[in-house]
Amino acid sequence: MKTSKKGIDLIKSFEGLELKAYRDAVGVLTIGYGHTKGVKEGDTITTAKAEELLTEDLKKFEDRVNYWSTKKYNFNQNEFDALVSFTYNLGVGNLDKLVKNGKRNRGAIADTIPAYN
């Protein structure tokens, strides 16, 4: 499964678009829609490059959500999009903890997500 346009738009709304490198709330250099890998002080990009980086970044998170979907949960598109967004912001390790605690119950996953806010 891939992130839908609606899911991508959700991630973009949370991340915002920054075309010049900046330090996020925890001091990590960030650019585009929350991209962090290889960002250096003073870097600038175009909107097209930000879109490209987002697409590349999403692959890793989609792969991990797909892993759990096929292994245990069979997520629908909305659930998949929400979990990719969650993982994009909080990382694969937190996704793994979240879904392991779900004990094959998608409702338990949804109930646990607010604890990460």
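Whatever comes next refers back to the structure up there.
A quick note: this is a predicted structure, and the numbers were derived from the prediction, not measured.

Caption draft 1: Local environment of the overall build of the protein. Secondary structure assignment for the protein yields 5 helices and 2 strands. The linear arrangement of helices and strands in the protein, starting from the amino end, is α-β-β-α-α-α-α. Its C-alpha atoms put the protein at 45 × 25 × 20 Å along the principal axes. Across the protein, the mean location of the 19 positive side-chain charges is 7 Å away from that of the 16 negative side-chain charges.

Caption draft 2: Geometry of the packing of aromatic side chains. Evaluated as defined, the whole model comprises 3 aromatic pairs. Summarising the aromatic geometry, the rings of Tyr67 and Trp68 are spaced 5.2 Å apart at their centres and angled 80° between planes, so their arrangement reads as edge-to-face.

Caption draft 3: Representation of the pairing of strand β1 (residues 18-23). The sheet contact formed by β1 and strand β2 (residues 29-32) spans 3 bridges and is antiparallel. Paired with Tyr22 across the strands is Thr30, a residue of β2.

How each quantity is defined
Residues numbered from 1 in each chain as written. Predicted model: local features only at pLDDT ≥ 70, side-chain atom pairs only at ≥ 80, totals over all residues. Heavy atoms only, no water. Helix = DSSP H or I, 4+ residues; strand = E, 2+ residues; numbered from the N terminus. Lys, Arg positive; Asp, Glu negative; His and termini not counted. Charge placed at Lys NZ, Arg CZ, Asp CG, Glu CD. Phe/Tyr/Trp six-rings, centres within 6.5 Å; stacked < 30°, edge-to-face > 60°. Pairing = 2+ DSSP bridges.

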